Amino acid sequence: MAEEQEAKRPRLDDEKEDMDAEGSAPGTSGLSTGAPAQRPKKSVQDLMRPYYGSKFPYDEFCAWLAYGHDSKLPQADAMFFQRRELCFTLDGDIFVRYQSFKDKEELQRAMANKVPAKIDIGPIYNVDPQRRKAYTGLAADRVFAPVERELVFDIDLTDYDDVRTCGKEAHICSACWPLMAVAVQVIDACLREDFGFKHILWVFSGRRGIHCWVCDERARKMTDEQRSAVASYLSVYRGSEGGAAKLALSQVSAANHPSVERALRLLYAAWTESILPQQRLLADEPAWKAVLAIIKDEEVCERLHGRWQRAHGRLTSGDISSERWAELSTEIDKVLDSKSADRARKQQLLRARKEVLFAFAYPRLDVEVSKKMNHLLKAPFCIHPKTGKVCVPMDPGSIWSFDPEAVVTVHGLLDEERGSPKAAAAEQAMAEALQTFHGCFLDELAASSRQSIIAKARSAAQAGLAW
Amino acid sequence: MSAWMQKQQARSTRAAAVASAVAEDAAELASEQRISMYTEAPSGEVCIEDFERYAIDRLRVLKGIEEAKTKGFKGDQLQELVVKLAEKHLRGATQQETRWKDAVSHFVLRLAYCKTEDLRRWFLQHECELFKSRFRNELPASQVDFMRRHSFDYEALAGEEYQVLKPDLVKVQESVGNSAFANEIKQATSRDAFFKVPFEQVPDLVATRRVLLKAGWAYVSRHEVASLVVSRFRAGLSHALVLTARRWATIIADEEADRLTPLISTLSERYLGPDYGDERKGPSEAVMAAQIPYLAKESFPLCMQSMYHRLHTDAHLKHNGRLQLGLFLKGIGLPLEEAMKFWRAEFGPKCMGEAFDKKYAYGVRYNYAKEGKRTDYTPYSCMKIIQTPVPRGEAFGCPYKTASPQELTEQLRAMRLPPRVVEEAVSKARGHHYQLACTAVFQGQHNCICESGISHPNQYYDESRKELTAAQGATATVTLGGAEHKTPVVKSSASAQALTAGPTPMTT
Ligand code: SF4
Ligand SMILES: [Zn+2]
């Protein structure tokens, strides 16, 4: 099989991750912390070969990417799977792009052979990407171009560093997970209710981010322009400028698009229950200043700032941030109820209270990933090279109980003594991950792919009769 | 012509029969005559003169649109202007002729503009603008009718579904500031107010959250149907252009090698303004070789500046550069003798005396039509310069296209332009609006407004000279009055208005 090695790295989803200096680099081994270790822990890279040998779920992985074309149905397109680009990252950051495989067996052999540190999934091309050279001549009718691709989203906690108070960069803990959980809720609701998508796969990216794969046929066939449009529709938070969040909310009216209002309801629940208390967003002066900067109203801000400063260090039985949020709300309500305050001021305050939620908690999409058909994205079930965690699928319906710190690792699967409780727990967790993959995604997708192939054949037959 | 016309008539009668139950026949026929989706090429005969004349007339419309956008026209103002332009240039003696001319000119330009990505983008953009303006110019009834006729057979939202969605529909309208329309929906059962379409068909409305989305359907208000129709038009034309490019390469170019090919392949390079070659400059305007260095600094557009700079530092310039710069210099009024002096001096360090005469003098004389075919060569327009492919490392071409954003930033900074102008120009260039970038630089450099936009390097030069003499006059008077600052010279109030209307919108 011809392969293409590219020294130059393509832009990839977790480029930022790899630049982090912290954590042990793949290939070096460290001692496990906690109980004194009996033997040195194996490195992630050492465990990749056995992982690909016995644990990687090839059946599910290939069943997904074949979209029913691996069936015996006479209308199935046997070349479908082979036109998909996979990109292998080999040890030493060598990117091997435009890999393609005939079937599961061929993929399995290649992975056992090359032991990629990472696998990225690209688009489906009009021809087998391995044969693209024949199509890149000058003749305009022989082009090599992507024709299909899942609609993907990438959300990463590092993009929340200006609002996370528990840690920065590669850090992740139970206090910052609510930000990801509400992101899943908001985006998932839009995709299903507004766009009518059904086959949506959510994946933990292995460290502190999440990926979303929308696999409906309609989503896969979208043009780049349409992808950009969806990404823009979903982007209420548009980065920050001079420390202030840029928000795409209605500037002309207090009413917002119904989709944005739904997001607000979801954000509000997450905000009061988890994000506000866990991120301690009003617990100290720098934190509350950031919030008051959005409220803007001088009178309200001064009053609250003064009160909170005087009471600094006060102990409370409840959560200090939640209490202060309630105070802030009361102050705003007072203005809203007062007869003397003018309309513009009331409007501004009303809007500002919403803006706090959008600025702090609205999903921060890396839109570049979503806009183009040929953007690569890390495959589910890969192993994160630094953490050793499996990129497991997540159930959006129970996203709040997902624990990123308890995700099954390659060490748990392969570096614990056979039959030990730890090994058993890891086996169990992996089995559950596969169950999630089936239950939330694959089974329904398979049924609908099958139906769609049959339906296409039928309509083709009818068209044939009509002629 | 007649075969095609018959087909058209047959089609409209058939369509009319289908639709007559719903709409007034008059409106239908009218819309059909004014706008077309250009789904079928006209078949019939057209003489080669008309072929060319029609194409050029349409080109005038498209270039007019480009110019208007450069000046910041948008919305209703733009629409009005575009409709007027089309009226002026594309109107025939009869309605039939108008329709015929519209179709023929469209298809000829398709051929001329299908060959490269850049050309296709330009053509697509301006054809869509033309189509959109014409469509929006139709009455609502006629718009709906046009849609029906072109099987935009969307369901109009009605009945229970409408009632259920009403509060959300109202909210969307309010959020985009259409409160009048929102009230209308709230109060009346305004019929046919919304169409239900797959969201993929209105990406622009989705991106800006101007539609309600439910389960993959977009509910497009009757005020936004243009976006729906234009998006189909754009998709169709974009696809057709690619197909045409293929067919052109494989079939037509050969078959029509003697007749159409030469005409078609120069159409896209056709520059419709004054050609700066024919006008003979009077002696008072003649430029001397010795003046070139300071003129270059003051009044050359960036392309000519950088070629001149390259020539000066390398004491050499390759063929294409010599041609472009040489013709430009001829255009600004450098006579042949002075040109010889200039080139000899610049090449001096590397190539003197006889060697120069042997190698390069011919080229200089050639530019002045004293050698070769002895035709008078005219300076290149921006369009032509922009379209000539530039191999790596060569100095000719339009820098707004060829230079990287970093290089461009540096070059512009070196011209001591205000950072705002540099930024604007670089971002325009990055958006492939090279001539707009050049115009921005011109305006920044001369602190004035360039109404017409830059479309020819010699125009850049001429306007620059005009501005500078005018500015000298202006400063003089101002100083007499005692004030110190230079007042910007605004050439007409119309242009000032156009600019306050805001910058050219980037297409989304
Ligand atoms: S836009 Fe025209 S004048 Fe300006 S640099 Fe480019 S080619 Fe030269
Ligand atoms: Zn944390």
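See the structure shown above.
Basis of the calculations
- Residues numbered from 1 in each chain as written.
- Chains lettered and ligands numbered in written order.
- Predicted model: local features only at pLDDT ≥ 70, side-chain atom pairs only at ≥ 80, totals over all residues.
- Heavy atoms only, no water.
- Helix = DSSP H or I, 4+ residues; strand = E, 2+ residues; numbered from the N terminus.
- Buried < 20%, exposed > 50% of the residue type's maximum accessible area, 1.4 Å probe, protein only.
- Contact = heavy atoms within 4.5 Å.
- Areas by Shrake-Rupley, 256 points an atom, 1.4 Å probe, with all protein chains shown as cover.
- Near = heavy atom within 4 Å.
- Donors = N, O, S within 2.8 Å, 3.2 Å for Na, K, Ca; no water.
- Tetrahedral: all angles 85-135°; square planar, octahedral: opposite > 155°, others 65-115°.
- Phe/Tyr/Trp six-rings, centres within 6.5 Å; stacked < 30°, edge-to-face > 60°.
- Lys NZ or Arg CZ within 6 Å of the ring centre and 35° of its normal.
- Polar contact = N/O pair within 3.5 Å; in protein donor to acceptor, adjacent residues only side chain to side chain.
- Pairing = 2+ DSSP bridges.
- Expected span 1.5 Å × (residues − 1).
- Axes fitted to C-alpha atoms, helices over the stretch in contact; angles between N-to-C directions.

Caption draft 1: Local environment of the overall build of chain B. When helices and strands are counted, chain B shows 24 helices and four strands. Here chain B holds 508 residues, and 49% of them are scored as buried. Intrachain contacts of chain B at a sequence separation of at least 6 include 71% that bridge at least 24 residues.

Caption draft 2: The arrangement of the overall build of chain A in detail. Of regular secondary structure, chain A possesses 15 helices and 11 strands. Across the 467 residues in chain A, those meeting the buried criterion constitute 53%. A separation of at least 24 residues holds for 70% of the contacts in chain A among residues at least 6 apart in sequence. For chain A, the exposed surface amounts to about 21,000 Å²; the carbon and sulfur share of it is 52%.

Caption draft 3: A look at the site of ligand 1. Around ligand 1, a shell composed of B:Pro301, B:Cys303, B:Cys382, B:Ile385, B:Cys398, B:Pro399, B:Tyr400, B:Gln435, B:Cys438 and B:Pro457 is seen. Sorting the residues of the shell around ligand 1 by element identifies helix 18 (382-387), helix 19 (399-402) and helix 22 (434-446) of chain B as the ones contributing at least two each.

Caption draft 4: Focus on the coordination of the zinc ion (ligand 2). Residues and elements named next belong to chain A. For the zinc ion (ligand 2), the full set of protein donor atoms is Cys166 (SG), His171 (NE2), Cys173 (SG) and Cys176 (SG), at a range of 2.1 to 2.3 Å. Each of the four donor atoms around the zinc ion (ligand 2) contributes to a set of angles spanning 103 to 117°, which defines the coordination as tetrahedral. In the primary structure, the donors to the zinc ion (ligand 2) are separated according to the pattern C-x4-H-x1-C-x2-C. A single burial state applies to Cys173 and to Cys176, both of which are buried.

Caption draft 5: A look at the packing of aromatic side chains. A complete count under the given rule lists 47 aromatic pairs over all chains for this structure. Between A:Tyr98 and A:Phe144, the aromatic rings sit 5.9 Å apart at their centres with planes inclined by 70°, giving edge-to-face as the arrangement. On the criterion of sequence distance, the pair formed by A:Tyr98 in strand 2 (residues 94-99) and A:Phe144 in the loop between strand 3 (118-125) and strand 4 (146-148) is long-range, its members being 46 residues apart. Geometrically, the ring pair formed by B:Phe300 and B:Phe328 is edge-to-face, given 4.9 Å between the ring centres and 85° between the ring planes. Of this pair, B:Phe300 sits in the loop between helix 13 (292-299) and helix 14 (302-314) while B:Phe328 sits in helix 15 (residues 319-332), and the two are 28 residues apart along the sequence. The same class applies to B:Phe300 as to B:Phe328, namely buried. An aromatic cluster is defined as three or more aromatic residues linked by ring pairs; in this entry it consists of A:Tyr51, A:Tyr52, A:Phe56, A:Tyr58, A:Phe61, A:Trp64, A:Trp213, A:Phe381, A:Phe437 and A:Phe441. Here the guanidinium or amino end of A:Arg97 rests over the ring plane of A:Tyr98, the centre of that ring lying 4.7 Å away. The ring of B:Trp217 is capped by B:Lys196, whose NZ or CZ atom sits 4.9 Å from the centre of that ring.

Caption draft 6: Seen up close, the environment of B:Pro42. Examined against the element boundaries, B:Pro42 turns out to sit in the loop between helix 2 (25-34) and helix 3 (48-70). Sequence separation between B:Pro42 and B:Trp100 is 58 residues; the distance between their C-alpha atoms is 7.7 Å.

Caption draft 7: Representation of the side chain of B:Ser142. Residue and element names in this part refer to chain B. Tracing the backbone shows Ser142 in helix 7 (residues 140-149). On the accessibility criterion, Ser142 (4% relative accessible area) is buried. Here Glu138 takes part through its side chain, which lies 2.6 Å from a polar atom of the side chain of Ser142.

Caption draft 8: Structural context of the sheet that holds strand 11 (residues 393-394) of chain A. Residues and elements named next belong to chain A. One open sheet accounts for four strands, arranged 5-7-6-11; its pairing is antiparallel. Among the strands making up the open sheet, the edge pair consists of strand 5 (151-156) and strand 11. In this sheet, strand 7 (residues 209-214) lies alongside strand 5 in antiparallel orientation, the contact comprising six bridges. Bridge assignment links Phe153 to a residue of strand 7, and that residue is Cys212.

Caption draft 9: Structural detail: helix 14 of chain B. All names here are of chain B. Given a rise of 1.5 Å per residue, 13 residues ought to cover 18 Å, and the 18 Å separating the end C-alpha atoms of helix 14 matches this to within 8%. Within the span of helix 14, buried status applies to Leu302, Cys303, Met304, Gln305, Met307, Tyr308 and Leu311. Downstream of helix 14 by a residue or two, Ala315 has a phi angle that is positive, lying close to 55°.

Caption draft 10: Representation of the sheet that holds strand 2 (residues 194-198) of chain B. Residue and element names in this part refer to chain B. Pairing within the open sheet is antiparallel, and its four strands lie in the order 1-2-4-3. Of all the strands in the sheet, just strand 1 (155-156) and strand 3 (212-214) have a single pairing partner and so form its edges. Bridge analysis of strand 2 against strand 4 (residues 217-221) gives five bridges, and the strand direction is antiparallel. In the sheet register, Pro198 faces strand 4, and the bridge partner there is Trp217. Here helix 8 (residues 159-175) sits on the sheet in contact with strand 2, strand 3 and strand 4, set at roughly 140° to strand 3.

Caption draft 11: Structural detail: unusual backbone geometry. All names here are of chain A. Despite not being glycine, Val115 has its phi angle at roughly 45°, a positive value. In this fold, Val115 is placed in the loop between helix 4 (104-114) and strand 3. Residue class for Val115 comes out buried when judged on its relative accessible area of 8%.

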